[in-house]
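Coordinate analysis (summary)
Okay, here's what each chain looks like letter by letter:
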Amino acid sequence: MGEIVTLLKPRLWSFRARGTAGKRDRRLKLAVLGVIGGLFWAGLFALSLRVLTYFRSVDQLGEMLAHKLLSMVLVTFLSLLIFSSILTLLSKLYLSRDLSLVHATPVPGRKIFLARWLESTVDSSWMVGIYALPFFIAYGIVFRAGPIFYLNLFVNLASLSAIASAVSAMLIMTAVMIVPASRIRTIFVFLTLTFFLILFFAFRLLRPERLVDPEFFETTLVYLQALRAPLPAYLPSTWAFDSFTALISGRILTGLYHDALSLSCVGFLCCLMVLLAESVYFKGVSKTQTAAARLFKRSIGGEFIFSRFTGPRGAMAAKEIRTFFRDQTQWTQLFLIGALIVIYIYNFRVLPLERSPIKTVYLQNLLSFLNMGLAAFVLSALTARFAYPAVSLEREAFWLIRTAPISLKSFLWTKFFIYFLPLLVLTEVLIVATNFLLEVSAFMMVLSTVNVLFMVPGVVALGVGFGAAYPDFTSENPMQSVTSFGGLLFMIVAALFIGAVLVLESGPVYTILMAGFQGRSLTLLQWLWTGASFSASAALCIAALLLPMRYGVRQLETQRD
């Protein structure tokens, strides 16, 4: 046990070193992150409390709906833990940069594996657990659970995390013996995206919102049977569900029995995992020391296309495109984006506008205006995933950029245009397609497309600019830089920018629409107000385009090679 603790000490020391270096800046960042995280946590808690209180107020049916929601949350929680554990364990056990140093120490491979597994289990589950707590705490408050429920809550969350991590570790160790880990990561990402797309399409096409609509079912008996459908007894989430419901109803011994099932499963899986690790873990690490293979050896017509790029800026653009398509973990996510576009448009296709108490013509244009903000938030998420880490992905080779015959300003603007054009096309497709489905007025169609044309450059510039101002050249994957302080700051500023544009335009848009519906013309004062609002919105978009790029260049110039 002492050797395992010794292997875990460098991770603990790294946190202490961060705390002593730049205390003032670190405290400021922690304060900002703490406030934002606390507000988000409080929002989830308030939403969960409101939904569960409403369910509880409905006689008989409400309790069944609350229990059904609890089971769905637990299944989702377990699925997220497994997915997160697989990605984290694959990196920690086989793809981490310090593996050669760690395995050179006089420590048995079994203990190295256990130290890595413990560290990965915490890394993959702490955030999921923290943001799942609001729902479970709200559930206990609404159903007036005692203190044993809250103690049992931590036991169940810890056991589910350990089970997900142990199962993921055994799957990875078995797979690495067949295919090297460097190739498994590509295959796993591709298969996971494919499976997720199939599952997501199937789930969405079933339209689960009908579950809370009794009118959809022919009889009340069928509706109640759908809510009372039993959960699979072999799932760990079912044991947690049975434990929670038993403790709420006062059956303490039954709840402890299901806790014992979970803990015994944890012990069994851990023993099985250690036995498997003793046999195959070190062999898998040795097998991983092979060159990663590309899924596609050569792009069709690629040489002809890239030969069109000339000059330093053209070479930089060609390099950026080549790098993107050579990294399968990046371009395979295009499948996921395509699926999300289809689901996004499909959601507007199935909106029950005819059942709304608001007149359809008003509701269509209202949804179209709000859809601009929704599409812009989708754009922000995609920018955070692709454009924000663009500078950080240069990693140790950034010194080549500094010595290249190209300025940092041209370097950043090249990255901006590489991501701007695809994201602009994507956002315009979302806006135009949903507006056609909503059958909005010509004014709203023109306003939406023009608005997006102005907002997309601002959001992309914010991503590239903040990514340059807060680069992380030591990150092993793009998601590490996105979840940093700079990534969070970008998301906050992007959300404020989108909200400010919509607020500036909401009043004039409402005035113009109502004047059109009522068949009257605008007054001179209303025209001046409309012009001032749209001018301020355009100025804000231009500022969002230029200021972050200048800030990124200025901060990037201070980076050391």
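Residues numbered from 1 in each chain as written. Predicted model: local features only at pLDDT ≥ 70, side-chain atom pairs only at ≥ 80, totals over all residues. Heavy atoms only, no water.

A word on the pattern of salt bridges. Applying the stated rule across the entire model yields 2 salt bridges. With a shortest N-O distance of 3.7 Å, Lys-92 and Asp-123 are connected by a salt bridge. Of the two residues, Lys-92 is situated in helix 3 (residues 61–95) and Asp-123 in helix 5 (residues 109–142); the sequence distance between them amounts to 31 residues. The exposure class assigned to Asp-123 is partly exposed, which follows from its relative accessible area of 24%. The structure contains a network of salt bridges with shared partners spanning Lys-92, Glu-119 and Asp-123. (Salt bridge = Lys/Arg side-chain N within 4 Å of Asp/Glu carboxyl O. Helix = DSSP H or I, 4+ residues; strand = E, 2+ residues; numbered from the N terminus. Buried < 20%, exposed > 50% of the residue type's maximum accessible area, 1.4 Å probe, protein only.)

This part takes up the confidence of the model for the protein chain. Counting all residues, the mean pLDDT for the protein chain is 75, and 73% of those residues have values of 70 or more. Throughout residues 216–227 the model reports pLDDT below 50, and contacts reaching past four residues in sequence, or to other chains, amount to 20 contacts. (pLDDT = per-residue confidence, 0-100. Contact = heavy atoms within 4.5 Å.)

So, about helix 5. Along its 34 residues, helix 5 runs 48 Å from first to last C-alpha, staying within 8% of the 50 Å computed at 1.5 Å per residue. Along helix 5, the helix axis deviates most sharply at Ser-125, where the bend reaches about 40°. Note on helix 5: the residue one or two positions beyond its end, Arg-144, has a positive phi of about 55°. (Expected span 1.5 Å × (residues − 1). Bend = angle between axes of the 7 residues up to and from the residue.)

This model, assessed by the stated rule, comprises 16 aromatic pairs. Note on Phe-417 and Phe-420: the rings are 6.5 Å apart at their centroids and 80° apart in plane angle, and the pair reads as edge-to-face. In this pair, Phe-417 and Phe-420 are both assigned in helix 17 (residues 408–438), 3 residues apart and thus about one turn of the helix distant. Note on Phe-417: relative accessible area 46%, which makes it partly exposed. Owing to a relative accessible area of 12%, Phe-420 belongs among the buried residues under this scheme. (Phe/Tyr/Trp six-rings, centres within 6.5 Å; stacked < 30°, edge-to-face > 60°.)

What follows is about a nonpolar patch on the surface. There is a patch of nonpolar side chains on the surface, built from Phe-40, Val-122, Trp-126, Met-127, Ile-130 and Tyr-131 and spanning about 580 Å² of accessible area. With 5 residues, the single largest contributor to the nonpolar patch is helix 5. Mapped onto the secondary structure, Trp-126 falls in helix 5. (Patch = residues over 30% accessible without salt bridge, like charges linked within 9 Å, V, L, I, M, F, W, Y side chains within 5 Å. Areas by Shrake-Rupley, 256 points an atom, 1.4 Å probe, with all protein chains shown as cover.)

Once that is clear, we can look at unusual backbone geometry. Of note, Arg-144 is a non-glycine position whose phi angle comes to about 55°, a positive value. Inspection of the secondary structure assignment puts Arg-144 in the loop between helix 5 and helix 6 (147–176).

Take the packing of helix 17 against helix 21 (residues 524–556) next. Contact geometry of helix 17 with helix 21 gives a least axis separation of 9 Å together with a crossing angle of 130°. Taken together, helix 17 and helix 21 sit at an angle that is classed as oblique. Considering the relative orientation of helix 17 and helix 21, their crossing is right-handed. Judged by residue contacts, Leu-408, Lys-409, Phe-411, Leu-412, Trp-413 and Phe-416 of helix 17 engage Leu-545, Leu-546, Met-549, Gly-552, Val-553 and Leu-556 from helix 21. (Axes fitted to C-alpha atoms, helices over the stretch in contact; angles between N-to-C directions. Parallel < 35°, antiparallel > 145°, perpendicular 65-115°, else oblique. Left-handed = near helix turned anticlockwise from the far one by under 90°.)

What follows deals with the packing of helix 5 against helix 6. Direction vectors running N to C along helix 5 and helix 6 enclose 140°, while the axes themselves pass 8 Å from each other. Put simply, helix 5 runs oblique to helix 6. Note that helix 5 runs across helix 6; the crossing there is right-handed. Where helix 5 abuts helix 6, its residues Phe-113, Trp-117, Thr-121, Ser-125, Leu-133, Phe-136, Ile-137, Tyr-139, Gly-140 and Ile-141 lie against Phe-149, Tyr-150, Leu-153, Phe-154, Leu-157, Ser-161, Ala-162, Ser-165, Ala-166, Ala-169 and Met-173.

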